Amino acid sequence: MYQHQTDLSPIEVAIDEMSVKVAELRLLCSASEVNAGPLAYARAFLDDSSAKKYPDNKVKQLKEVFRQFVDACGQALCVNERLIKEDQQEYQDEMKANYRDLARELSNIMHEQINPVEDGNRSTLSDSMGIFNAISGTPTSATPHGSTTIL
């Protein structure tokens, strides 16, 4: 029997857990709920006074994971909006508002502009939608250039 144990620093735990959240969101593309956990990590490790306590490369890595997290949340919201029924639009609008608030709060904490994925900002979404459609069996409409029509 073999056992391997690795001790992680608190910021490495945050990086690891946030990376898992990004992967889950990208995989499911429907889990668009955002809770206080990610912001708690951002405040704990990326706030001006806190970030100085950790190695620069780990702080940069955590910031990158947060950028990916915002992107994955935005993609999930776009997919969800495409799939919801009319009676779910109010909830969708609330999730979008919370998502924009999350991006704004992260922008303030990280001192950089974190742009939420919006209708006109879907560069990686078309690839994700193609994968989603292939897995789910959802029919797609081909455009003249061979890419998938999103909405």
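As annotated in an unreviewed UniProt entry, the chain is DOCKER domain-containing protein from Dissostichus mawsoni. Quoted verbatim from the Sequence similarities (unreviewed entry) heading of the UniProt record, the comment on the chain is "Belongs to the DOCK family."

Leu46, Leu62, Phe66 and Leu106 are the most contacted members of the largest nonpolar core, which has 32 residues in total. At ten residues, the largest contribution of residues to this core is made by helix α4 (residues 56–83). Apart from residues lying up to four places away in sequence, Leu46 is in contact with Tyr41, Ala51, Val59, Leu62, Lys63, Phe66, Ile109 and Met110.

A separate point is the packing of α4 against helix α5 (residues 89–110). Two numbers describe how α4 lies on α5: the axes approach to 11 Å, and their chain directions differ by 165 degrees. Accordingly, the angle class assigned to the pair α4 and α5 is roughly antiparallel. Between α4 and α5 the crossing geometry is left-handed. Judged by residue contacts, Lys63, Phe66, Arg67, Phe69, Val70, Cys73, Gly74, Leu77, Asn80 and Glu81 of α4 engage Gln89, Gln92, Met95, Lys96, Tyr99, Leu102, Ala103, Leu106 and Met110 from α5. Partitioned by chemical class, the residues of the contact of α4 with α5 number eleven nonpolar, four polar and four charged.

Moving on, we come to the packing of aromatic side chains. Taken as a whole and assessed by the stated rule, the structure comprises two aromatic pairs. Centroid distance Phe45 to Tyr54: 5.2 Å. Interplanar angle 70 degrees. Geometry classified as edge-to-face. The pair formed by Phe45 and Tyr54 is uniform in burial state, with each residue classed as buried. One aromatic cluster is present, built from ring pairs that chain together Tyr41, Phe45 and Tyr54.

Reading the values: rules and limits
Residues numbered from 1 in each chain as written. Predicted model: local features only at pLDDT ≥ 70, side-chain atom pairs only at ≥ 80, totals over all residues. Heavy atoms only, no water. UniProt positions renumbered as here; feature names shortened; annotations may be inferred. Core = buried A, V, L, I, M, F, W, Y, C linked by side-chain atoms within 4.5 Å. Buried < 20%, exposed > 50% of the residue type's maximum accessible area, 1.4 Å probe, protein only. Helix = DSSP H or I, 4+ residues; strand = E, 2+ residues; numbered from the N terminus. Contact = heavy atoms within 4.5 Å. Axes fitted to C-alpha atoms, helices over the stretch in contact; angles between N-to-C directions. Parallel < 35°, antiparallel > 145°, perpendicular 65-115°, else oblique. Left-handed = near helix turned anticlockwise from the far one by under 90°. Nonpolar A, V, L, I, M, F, W, Y, C, P; charged D, E, K, R; others polar. Phe/Tyr/Trp six-rings, centres within 6.5 Å; stacked < 30°, edge-to-face > 60°.

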